[in-house]
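Okay, here's what each chain looks like letter by letter:
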Amino acid sequence: MLAKAIRLFHTLWPLKLIQHWGLFYYRVVRRVVPFKPTKTWATKVEVVEAQFHVYQPVGWKGGMEFEFLNSLATVDAATWQAPEQTLLWHYNLHYFDHLNAKDNHHAATDEAKLIMAWWQLHQPLQGVPWDPYPTSLPVVNLCKWGWQHNRAFALIAEKEWLAILHRHYQEVKRKLEYHIQANHLFANLKALWFLQAALPEYRAKEGAWLQKQVRRELAVQFDADGGHFELSPMYHRIMLWDVLDMYAVGNQVPSFAAANAAMEALLPKALRWCHALSHPDTQVAFFNDAAMGIAPELEPLIGYANALGVSEAPVANGVYSGYAVVTLGDAHLFCDVAEAGPAIQPGHVHADSLSFELSLGTQRVFVNSGTSEYGASAERLRQRSTAAHNTVTLEGRNSSDVWSGFRVGKQAAIVKCDVEFTQDTAMVVGAHNGYQPAVHQREWVFGVNSLRVNDTLAANGQKVSRFYLHPSIQVEQQGVNSYVLRWPEGEMLFVAEHGHVKVMESTWHPEFGTVQKNVCLVVAWQG
């Protein structure tokens, strides 16, 4: 009981006062106090002439068949539910990303029918479709679709279209996710940004308020390096695309100029950060919640930015929001000497302090285990654990106290971060206090043809260093604690100078809903 109380204290203590109020509002006030809609009523829709880029796959397969998160299902037209699917899958169902997907083959008339079928069922309801996040994302897609296909209201009548947009504005505005903050709150503001661009009455009344909110969140959520503060390369890409979308709209709406100027200053740095935290295969490095197939690819992001006149700042060896990124020849090293994540919203944090990933050419060699699911499952907790990453555990403990699906109690703090670069070498030294009173220190000594990893942890008990390999890597023992790692284009020698090495079967999770078998070199050591 005491341990649970301490964990809860460390979980709730860092939250902002507005988050505590938000929790109270959503769990108590909203249940008993009737909602009073704004007195503003939209009477016309304006068209924004922005050129939007797309990256989402076509999740709508036709009829009532949909595929999300690598899972195909037929949805009941009477309920818009697929009972065998997860809450996250149903969230994706209501996003309507297929309206603006790449290689979209659906006719606009069929899309209009699907929108209206959804609207006629869900207009009088609440529930999942009207949760704030799955309300925010689809309205952006609806605005884009309407500006392209429904300008003259030939597909959906003006009265109905106004009602759809108006209802979304009301729902988003009254459910702003101040209690969650981070990417959720930004998604809410992006939705209002698009809706105000479309609905001039709302823009006239609440435009100044929205400008202030957007500028504040840009300052809070992106650091001086341009990195998103949740420290997930995957979510950084999602946020970067959001800012590009908003910037495209803002360029067409004069009253959005102030916030657009803040975006213009941010975008080159955010694009550089995105590029820096990408492997040579152009996919994201796996730190915190990260997977392929969710966020935009690197090339479309760069293309979108360039089309908007945004040039990428040069990428160089350095530290990006605490991630040390080093390229020597065709070797690419990513070291996590960053803080675990923002104390006010650690929902996407993994206990991965001082983990690392390595690519040689386009071949990933050492990989963190990735993310294949959300929710409060045992597998979700395992994937967030220290033991699922290329770092060190002490007596099986987590460096940061990850629990449930999106909770963190006491977080490890980085107490040392020293980086030294020369033309053909790099040394990165980091330390965290997640195993208090002991401190785990790790040193990476990186050369053109070598990588040495030195761990120090002055504490009693079993220490285990794990080195997860990409599924395409074959392992052959050469001697005691010595192994040859082979892949089609190359090989490398792995040697543990101390401890005892075991080759263990494991799993890698490059996408949601995906499990691939791989191997982990487990080094148990003392001292």
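Note: the structure precedes this text.
So, a few notes on the structure that sits alongside this text. Fair warning: this is a prediction, and the values are worked out from it, not measured in the lab. (Residues numbered from 1 in each chain as written. Predicted model: local features only at pLDDT ≥ 70, side-chain atom pairs only at ≥ 80, totals over all residues. Heavy atoms only, no water.)

### A word on the pattern of salt bridges
Applied cut-off: What makes a salt bridge here is a side-chain nitrogen of Lys or Arg within 4 Å of a carboxyl oxygen of Asp or Glu, nothing more. Helix and strand definitions here come from DSSP, where helices need a minimum of 4 consecutive H or I residues and strands a minimum of 2 consecutive E residues; each element is numbered from the N-terminal end. Each residue gets one of three labels from its accessible area relative to the maximum for its type: buried under 20%, exposed over 50%, partly exposed in between, using a 1.4 Å probe on protein chains only.
In this structure the tally under the stated criterion is 19 salt bridges. Asp401 is the salt-bridge partner of Arg7, the closest N and O atoms lying 2.7 Å from each other. Here Arg7 is found in helix H1 (residues 2-12), whereas its partner Asp401 is found in the loop between strand S9 (392-394) and strand S10 (402-403), with 394 residues between them in sequence. Judged by its relative accessible area of 31%, Arg7 falls in the partly exposed class. For Asp401, a relative accessible area of 22% corresponds to the partly exposed category. Across the salt bridge formed by Glu206 and Lys173, the nearest N and O atoms sit 3.0 Å from each other. In this pair, Glu206 is assigned in helix H8 (residues 200-221) and Lys173 in helix H6 (residues 158-174), connecting sequence segments 33 residues apart. Judged by relative accessible area, Glu206 falls into the buried class, the value being 10%. Among the residues examined, Lys173 registers a relative accessible area of 28% and is labelled partly exposed.

### Overview of the sheet that holds strand S17 (residues 474-479)
Condition: Note on pairing: DSSP must find at least two bridges between two strands before they are called paired. A fitted line through C-alpha atoms serves as each axis, taken over the contacting stretch for helices, and the angle formed by two N-to-C directions is quoted from 0 to 180°.
The three strands are arranged S17-S18-S19 in an open sheet whose pairing can be described as antiparallel. The sheet terminates laterally at S17 and strand S19 (490-495), the two strands that pair on one side only. Looking at each pair of strands side by side, their axes are set apart by 25 degrees on average, direction ignored. Bridge count between strand S18 (residues 482-487) and S19: six bridges; the pairing is antiparallel. Of the residues in S19, the one forming a bridge with Val484 is Leu493.

### A closer look at the pairing of strand S2 (residues 65-68)
With burial as the criterion, only one face of S2 is covered, namely that bearing Phe66 and Phe68; the residues Glu65 and Glu67 on the opposite face remain uncovered. As defined by bridge partners, strand S1 (residues 60-62) adjoins S2 across two bridges and the pair is classed as antiparallel. Looking across to S2, one finds that Gly62 is bridged to Glu65. In this antiparallel pair of consecutive strands, S1 and S2, the connection spans two residues, and Gly63 shows a positive phi of 60 degrees. Taken together, the four bridges between S2 and strand S3 (residues 71-74) define a ladder with antiparallel strand orientation. From the neighbouring strand, Glu67 faces S3, where its bridge partner is Leu72. Where S2 folds back on S3, the antiparallel hairpin that results is connected by two residues, among which Leu69 adopts a positive phi of roughly 55 degrees.

### Considering the environment of Arg407
In this structure, Arg407 sits in strand S11 (residues 407-408). Put simply, Arg407 and His348 are 59 residues apart on the chain and 8.3 Å apart in space, counted from C-alpha to C-alpha.

### Description of the pairing of strand S14 (residues 440-447)
As defined by bridge partners, strand S13 (residues 425-432) adjoins S14 across eight bridges and the pair is classed as antiparallel. In the sheet register, Ala426 faces S14, and the bridge partner there is Phe446. Strand direction decides the pairing type here: S14 and strand S15 (residues 450-457), joined by eight bridges, are antiparallel. If you follow Trp444 over to S15, its bridge partner there is Val453. Hairpin connection of S14 to S15: two residues between the antiparallel strands.

### A closer look at helix H3 (residues 87-95)
Among the nine residues that make up H3, seven are buried, leaving the element largely enclosed by the rest of the structure. Taken residue by residue, H3 has Trp89, His90, Tyr91, Asn92, Leu93, His94 and Tyr95 as its buried positions. Looking at the residues trailing H3, positive phi occurs at Phe96, about 60 degrees.

### A word on the packing of aromatic side chains
Under the convention used in this document: Any two of the Phe, Tyr and Trp rings considered here, Trp counted by its six-membered ring, make a pair once their centres fall within 6.5 Å; the pair's planes then place it as stacked at under 30 degrees, edge-to-face at over 60, or tilted in between. Whether a charge sits over a ring depends on NZ of Lys or CZ of Arg being within 6 Å of the ring centre and within 35 degrees of the ring normal.
Across all of its chains, the model carries 30 aromatic pairs by this definition. Pairing Phe66 with Trp80 gives two aromatic rings, centres 6.1 Å apart and planes at 45 degrees, and the pair type is tilted. Of this pair, Phe66 sits in strand S2 while Trp80 is found in the loop between S3 and H3, placing the two residues 14 residues apart along the sequence. Considering the side-chain rings of Tyr374 and Phe512, the 4.9 Å spacing of their centres and the 90 degrees angle between planes classify their relative orientation as edge-to-face. With Tyr374 in the loop between strand S8 (363-366) and helix H12 (378-384) and Phe512 in the loop between strand S20 (500-508) and strand S21 (516-525), the pair connects residues that are 138 residues apart, well separated along the chain. Each member of the pair Tyr374 and Phe512 is classed as buried. A network of ring pairs unites the aromatic residues Phe66, Phe68, Trp80, Trp89, Phe96, Trp118 and Trp130 as a single cluster. Sitting over the face of the ring of Trp130, Arg167 holds its NZ or CZ atom 4.1 Å from the ring centroid. Here the basic side chain of Lys173 rests over the ring of Trp209, its NZ or CZ set 4.6 Å away from the ring centre.

Interpretation note: all reported values are geometric properties and have no functional meaning in isolation.
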